[in-house]
Number of protein chains: 4
Amino acid sequence: MAKNLKIGLIGLGRIGQIHLTNLINHIPGAEVIIASDVSPQSHEFALKAGVPRVTFEAEEVLNHPDVEAVIICSPTPFHVPYTVQAARAKKHIFCEKPLDTSIEAILSAKSAVEENGVKLMLGFNRRFDVNFSNIQKVVEAGGIGEPHILRITSRDPNPPSLEYLRSSGGIFLDMSIHDFDMARFITGSEVKEVFVKGDALINPAIKDFGDIDTAVIVLTFENGAIGVIDNSRKAVYGYDQRLEIFGSKGMANADNNKLDNVTIYDDKAGHSALTQPFFLERYEQAYRVCLKTFIQTIQEDKPSPVDVHDGLMATVIGIAAQKSLNEGRTVSIEEVLDLSTIGLNL
Amino acid sequence: MAKNLKIGLIGLGRIGQIHLTNLINHIPGAEVIIASDVSPQSHEFALKAGVPRVTFEAEEVLNHPDVEAVIICSPTPFHVPYTVQAARAKKHIFCEKPLDTSIEAILSAKSAVEENGVKLMLGFNRRFDVNFSNIQKVVEAGGIGEPHILRITSRDPNPPSLEYLRSSGGIFLDMSIHDFDMARFITGSEVKEVFVKGDALINPAIKDFGDIDTAVIVLTFENGAIGVIDNSRKAVYGYDQRLEIFGSKGMANADNNKLDNVTIYDDKAGHSALTQPFFLERYEQAYRVCLKTFIQTIQEDKPSPVDVHDGLMATVIGIAAQKSLNEGRTVSIEEVLDLSTIGLNL
Amino acid sequence: MAKNLKIGLIGLGRIGQIHLTNLINHIPGAEVIIASDVSPQSHEFALKAGVPRVTFEAEEVLNHPDVEAVIICSPTPFHVPYTVQAARAKKHIFCEKPLDTSIEAILSAKSAVEENGVKLMLGFNRRFDVNFSNIQKVVEAGGIGEPHILRITSRDPNPPSLEYLRSSGGIFLDMSIHDFDMARFITGSEVKEVFVKGDALINPAIKDFGDIDTAVIVLTFENGAIGVIDNSRKAVYGYDQRLEIFGSKGMANADNNKLDNVTIYDDKAGHSALTQPFFLERYEQAYRVCLKTFIQTIQEDKPSPVDVHDGLMATVIGIAAQKSLNEGRTVSIEEVLDLSTIGLNL
Amino acid sequence: MAKNLKIGLIGLGRIGQIHLTNLINHIPGAEVIIASDVSPQSHEFALKAGVPRVTFEAEEVLNHPDVEAVIICSPTPFHVPYTVQAARAKKHIFCEKPLDTSIEAILSAKSAVEENGVKLMLGFNRRFDVNFSNIQKVVEAGGIGEPHILRITSRDPNPPSLEYLRSSGGIFLDMSIHDFDMARFITGSEVKEVFVKGDALINPAIKDFGDIDTAVIVLTFENGAIGVIDNSRKAVYGYDQRLEIFGSKGMANADNNKLDNVTIYDDKAGHSALTQPFFLERYEQAYRVCLKTFIQTIQEDKPSPVDVHDGLMATVIGIAAQKSLNEGRTVSIEEVLDLSTIGLNL
């Protein structure tokens, strides 16, 4: 059995606490030796969970001599700075999504990671959901032939607060970014063009800062497939996460997970359960598999399954989507990022 | 193409009218040249449908020189007498179920059919339902291996009138008889023993004449499989017709047909359609395929897929079921019918 | 009971024969007194079905003094000329879709119908499919609140021949036109803008004449909803016809009809039936309900549920879609048709 | 928040280890202060999990002055002796099922628990499965009206070893006992009579010691409902755990949990995932909820939701089932246990 991997955790907010709990209870081989957060309340959580050292200073984690890998769960603006510091300190990195909303910042993280020979894995946890990862395997194995049409439905149960939305970076970088990553993951192909039609149908007030809450996004892939994502910030029946890929030899379809498998029949209808309420329930297992995969990636010295390039492209698609919405036209990825600089030619 | 088969129809009640409509509209190769009924109202129906000759006398149909096959839709007590007459007149016979509730009567029909070399097909239309016939093919092809457990759920939407029930012959010969035939059809095996537990849970008044409206019936088959049928006279959500067969290599399950494939989701549940309301809707296609098969059986000179033996055994199982209910014990088929007389040895 | 409606049928090709069979077998109150077709073979079909008079001349049907309503199943180029003639002869009209591919022609039919005070109903039979019509009722009754996102999946099992495609008018007017009508029907709202992304992924040869076989179409509705249609000419698993509408209070989803409701489980998977193979099976009932509705519309003097305006708008959306594909941009309906001329202001 | 409950665990086999892991990782308020097992290997597991004291002697756990509740996971023959000792030592008790296979032994445990005023909860974990517990709530709330027919399907993926089976006590006390408890739980009614039809269809060798592997069990309930359980030791498609209850106002149906919600369609069929493989996966959550409920029962001083009476009745039904199989007749519960001794009158 591999020796334990010594981990430092930065950020003990909601997602940081989830990762910490999973590392301690469900992921053998991971040992959290230090955690940091600016809030004293969260320190208690980590100490109770058994983390031997808790600090206010992220730098202490980043530079701790025994730490082999850091897990960055800080607010987004700190993702790239901490990534760069961690890379220079020769720590492997697990970073929450999005890496950043600026392409330049992401590219600087990319350089730091590559120059220092460390691994970086991004927290696109949905890739590890059993429904979606099984479909990806089917597609990769040729089970549906050449992909023609990808359909993703991704609807939240409730919009976040106006306050949150104001600084969220917009629906594409805040919410659809998961779907952009999923689109690349399932098709195994890069996106070439983006077209968006959207509106603020749930809360028109968000138009004031240029945001929308309902979107239909058309993606064109390098391999010829066409994708369509529909997003909404409010589905009254719960968290709606479905995906379908249609190709020359068949179709694969992932339906929602429901709260139970019971149907009650009366003289009016059959009544079945709603979907799981939100991402914590739906992706509970995916969070664990995601972190386990990170630990294995390092222990078995394998390439990161979700690397800086994946983070870069998801953000680039998000920026193109915003541009398409603003300008009412199809936007090519090339307009947003000179692909030759990253060795791509779509 | 085969030459038209000239048909005489006896009985223009509900089921007779269904058969007539199907013969005229959906079954090429069938030509109804004469029909009979004791009621003058039904004559109009037949004449309008294009039957050239309508009579009050069944005998005129049975002895019509041009009639090649008769379809007997008269009340049950006339099934055997008409069958015997038709056989002697060398007409092929399609007869509604049950052939009779008396074993002796059925055996006399059997003799008449065999002696006169005509074909008889019984109207166990459910065998021609696409769900059930597809499962039968899977089982016959070995798709589930050796059958171990058969489950049939068969529930009506509403009980018939007390008046009807009083002369129905009891739930087993009136309603479960379809399930007994289905059990033999799906397993491809004879029933050896019957055990029944039942009660009048919907309308206790029917206990007065020894009937029940809720039953669980356990069947033991010659091939070792065990079957269970559950019957109810009243399912508020509609006609419930499901079947499952489980074996050494797998399981085949037929779910209900619903009124539509729509699901409406609100913030409480997903609401889906009820089942098709009753047998006319559920078995609409099966009635057609059943009659078409009869026509083909004669035109292509093939053995009848549902013959007198099938009618006999369904009735025998029904009689054994009633005996089991009355005596509170398992009843073997042999107790009801000396199987050696029909060349069987279970 | 209403007196029979005397009908003349023009065109005895595949769809004409379906309509004739339905009129004779399933639609009481309809009486086909004359039918026409240029091909002598089809005459036999009509005569055998009991049509008393069959002719080579459409004009004979259009001018027959006893004919009250005509059913036009001729090739598309004859739809408008026959409509205009029928209107002038004061016959009510049932016409197969599309009315025409030219807006001017459709407007001329519109004038003729209005000036002569006859009813015209277009054969958008899918509106009468039980799944889709039930969803329309739910939406109209406010069951899903304000519509936000409409999703239509419409995929054929196999592409038509190259020869057919060459003169089909393109995928939008030949195939998607049904979906355009469905989109307006379900949302109860006019389309304002169309955006298309498409390609010839199944047979690149059709690009030679400017056609595609795979399309994703984004529609913007007057009521603010956004729609997305995905079309393919080839789904190996059968005819794929699904629809979903999502709104402020819920979601309604229509799944495919399958060949049966059987699932076979082995040690690898659960195996269930494919979808119904093509439109004849899937829309068998819808064809009947559609024609029945036409007969009732006339007998009960009700407004046509699918009128010339519906035919016009479906064609206009199709033309806009082709323009969007050709020019790679969103096209507004106003660009294709000056809406003020038909009293609309989107 | 309640003060931690100090727990002693007896038995560190498979189920003991599951309970220990759940107590430590998922059940706040529970504190395992001592554990015992006869095997030294299991000691390491407990120590690593953080149990401060591990011993070979169950007695040390039972008499530990700080232990407030014991969790008994020892082999079945020790359940009653340890329960009696724990009760005398005034410890609350969670005991794995079955309590015992002897009625006398169970009654002695009952006395000890009652005399010493401690709580006992039995590990019938399936009651805490979300599907089944939701159905129980619907039934209790009158959602299906008066219960008429209960159907339980309970099939294992693979039979245990012959060695295990030889000392298992037979299918009824080893496997069906869960279904007997479920039947009482769902209907909220006592069982009056049992009838069994069964056979050794998977491995005839087990007939040598009087066991079977395939069973259909008919139960009659005090409230008039009739139940049917079908059991098999080998379902090639995975663990099959379904339940349906049908009543005067409707029906509730719990389908299996599948491995994922993906369907792959090719030109042959739609292929969906198998069921969860076995009880560890299917009842993973139920195990946690079950133990949490035990902790709450004590901390909030509530009556045990699964008490000695429940354990007694499940065993009594099992004994009656075996008697029915042996004697080929319906067996009443009263034949097995003089119900007046426990204050029941069925």
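Residues numbered from 1 in each chain as written. Chains lettered and ligands numbered in written order. Predicted model: local features only at pLDDT ≥ 70, side-chain atom pairs only at ≥ 80, totals over all residues. Heavy atoms only, no water.

Naming follows an unreviewed UniProt entry, where chain A appears as Myo-inositol 2-dehydrogenase / D-chiro-inositol 1-dehydrogenase of Pseudarcicella hirudinis. Listed in UniProt under the heading Sequence similarities (unreviewed entry), the comment for chain A reads: "Belongs to the Gfo/Idh/MocA family." (UniProt positions renumbered as here; feature names shortened; annotations may be inferred.)

A.B. asks: When you look at the interface of chain D and chain C in this model, what are you seeing that I'm missing?
C.D. replies: Many descriptions give the size of an interface as the accessible area lost when the pieces come together. In this assembly, 12 residues from chain D lie in contact with 12 residues from chain C. Buried area between chain D and chain C, summed over both chains or domains, comes out near 960 Å², and the portion from carbon and sulfur atoms is 61%. Put simply, chain D and chain C have 0 salt bridges between them. Taken together, the connections running from chain D to chain C amount to 3 residue pairs in polar contact (both at pLDDT 80 or more). Split into classes, the residues belonging to the side of chain D that touches chain C amount to 6 nonpolar, 3 polar and 3 charged. By the bridge criterion, 3 bridges tie strand 14 (residues 270–272) of chain C to strand 14 (residues 270–272) of chain D in an arrangement that is antiparallel. Along strand 14 of chain D, the bridge assignment pairs Ser-272 of chain C with Gly-270 of chain D. (Contact = heavy atoms within 4.5 Å. Buried area = accessible area lost by both parts, 1.4 Å probe. Salt bridge = Lys/Arg side-chain N within 4 Å of Asp/Glu carboxyl O. Polar contact = N/O pair within 3.5 Å; in protein donor to acceptor, adjacent residues only side chain to side chain. Nonpolar A, V, L, I, M, F, W, Y, C, P; charged D, E, K, R; others polar. Pairing = 2+ DSSP bridges. Helix = DSSP H or I, 4+ residues; strand = E, 2+ residues; numbered from the N terminus.)

A.B. asks: Looking at this structure, I do not really get the nonpolar core. What am I missing?
C.D. replies: The tendency in soluble globular proteins is for nonpolar side chains to be buried as a group. Residues and elements named next belong to chain B. Ranked by internal contacts, the top residues of the largest apolar core, which has 106 residues, are Ile-93, Phe-172, Val-194 and Leu-219. It is helix 8 (residues 171–187) that contributes the most residues to this core, 10 residues altogether. Shared between two domains, this core takes at least three residues from each, and those domains are domain 1 (5–118) and domain 2 (126–282 + 307–342). (Core = buried A, V, L, I, M, F, W, Y, C linked by side-chain atoms within 4.5 Å. Buried < 20%, exposed > 50% of the residue type's maximum accessible area, 1.4 Å probe, protein only. Domains from an automatic or database assignment.)

A.B. asks: Would you mind showing me how to read the sheet that holds strand 4 (residues 69–72) of chain A here?
C.D. replies: Two modes of strand pairing occur in sheets, parallel and antiparallel, and in both the strands are linked by backbone hydrogen bonds. All names here are of chain A. With parallel pairing, the 6 strands of this open sheet are ordered in space as 3-2-1-4-5-6. The open sheet has two edge strands, strand 3 (54–55) and strand 6 (120–122), and neither has a second partner. Looking at chain direction, strand 5 (residues 92–95) and strand 6 are connected through 3 bridges and run parallel. Paired with Phe-94 across the strands is Met-121, a residue of strand 6.

A.B. asks: When you look at the pairing of strand 8 (residues 191–199) of chain D in this model, what are you seeing that I'm missing?
C.D. replies: All names here are of chain D. Pairing of strand 8 with strand 9 (residues 214–221), which is carried by 8 bridges, proceeds in the antiparallel orientation. Across the sheet, the residue bridging to Asp-199 is Thr-214, located in strand 9. In the sheet, strand 8 pairs with strand 15 (residues 331–332) via 2 bridges, with the strands oriented antiparallel. In the sheet register, Glu-193 faces strand 15, and the bridge partner there is Ser-332.

A.B. asks: How should the relation of the copies chain A and chain C be read in this particular structure?
C.D. replies: Between the two copies of this chain, the relationship is a rotation about some axis together with a displacement along it. At an RMSD of 0.0 Å, chain A and chain C line up after a rotation of 180° and a shift of 0.0 Å along the axis. Taken together, the rotation angle and the small translation identify this as a two-fold axis. Residue Arg-329 of chain A, judged by its C-alpha, is the member of chain A lying nearest the rotation axis, at 3.1 Å. Mapped onto chain C, 100% of the interface residues of chain A again fall at the interface, so both copies present the same surface. (Least-squares fit on C-alpha atoms with pLDDT ≥ 70 in both.)

A.B. asks: For this particular structure, what's the right way to read the relation of the copies chain D and chain C?
C.D. replies: Laying chain D over chain C is done by rotating through 180° and shifting 0.0 Å along the axis; what remains is an RMSD of 0.0 Å. Both copies present the same face, since 100% of the interface residues in chain D are matched by interface residues at the equivalent positions in chain C.

A.B. asks: Any chance you could explain the side chain of Arg-184 of chain B here in plain terms?
C.D. replies: Residue and element names in this part refer to chain B. Position of Arg-184 among the secondary structure elements: in helix 8. A distance of 3.0 Å separates the side chain of Arg-184 from the side chain of Glu-190, its partner in a polar contact. Residues within four places of Arg-184 in sequence aside, it is in contact with Arg-127, Ser-189, Glu-190, Val-191, His-309, Asp-310, Met-313 and Ile-317.

A.B. asks: Just to check I follow, could you spell out the interface of chain A and chain C for this structure?
C.D. replies: Counting residues at the interface gives 37 residues for chain A and 37 residues for chain C. Note on chain A versus chain C: buried area summed over both sides is about 3000 Å², and carbon and sulfur give 65% of it. Our count for the contact surface shared by chain A and chain C stands at 8 salt bridges. Measuring nitrogen to oxygen at the nearest pair gives 2.6 Å for the salt bridge that ties Glu-193 of chain A to Lys-197 of chain C. Taken together, the links from chain A to chain C amount to 8 residue pairs in polar contact (both at pLDDT 80 or more). Elements with a minimum of two residues in the side of chain A that touches chain C: strand 7 (147–155), strand 8 (191–199), strand 9 (214–221), strand 10 (226–232), strand 11 (240–247) and strand 12 (250–254) of chain A. Grouping the constituent residues of the side of chain A that touches chain C by class yields 13 nonpolar, 13 polar and 11 charged.

A.B. asks: Any chance you could explain the environment of Ile-319 of chain C here in plain terms?
C.D. replies: Residue and element names in this part refer to chain C. Its place among the elements puts Ile-319 in helix 11 (residues 308–327). Distance from Ile-319 to Ala-86, taken between C-alpha atoms, is 27 Å for residues 233 residues apart in sequence. What Ile-319 contacts, discounting residues up to four positions off in sequence, is Thr-101, Ile-103, Leu-173 and Val-336.

A.B. asks: What's the story with unusual backbone geometry in this structure? I'm lost.
C.D. replies: The phi angle of most residues is negative, glycine excepted, and most peptide bonds adopt the trans form. The residue after Lys-97 of chain A, namely Pro-98 of chain A, is reached through a cis peptide bond having omega -10°. For Lys-90 of chain B, which is not glycine, the phi dihedral falls at a positive 65°. Mapped onto the elements, Lys-90 of chain B comes out in the loop between helix 4 (79–88) and strand 5 (92–95).

A.B. asks: I would appreciate a short explanation of the UniProt feature "domain: Gfo/Idh/MocA-like oxidoreductase N-terminal" (unreviewed entry) in chain A in the present structure.
C.D. replies: In the UniProt entry, the feature "domain: Gfo/Idh/MocA-like oxidoreductase N-terminal" (unreviewed entry) is given for residues 5–124 of chain A. Secondary structure over residues 5–124 of chain A splits into 42% helix and 22% strand, and the C-alpha atoms at its two ends are 21 Å apart.

A.B. asks: Would you mind going over the sheet that holds strand 3 (residues 54–55) of chain C with me for this structure?
C.D. replies: All names here are of chain C. Strands sit in the order 3-2-1-4-5-6 across an open sheet of 6 strands; the sheet is parallel. The open sheet has two edge strands, strand 3 and strand 6 (120–122), and neither has a second partner. Judged from the 4 bridges that link them, strand 4 (residues 69–72) and strand 5 (residues 92–95) form a sheet pairing that is parallel. Pairing of Ile-72 across the sheet is with Cys-95, part of strand 5. Where helix 10 (residues 284–299) meets the sheet, its contacts fall on strand 1 (5–10), strand 2 (30–36), strand 4, strand 5 and strand 6, and the angle it forms with strand 5 comes to roughly 165°. (Axes fitted to C-alpha atoms, helices over the stretch in contact; angles between N-to-C directions.)

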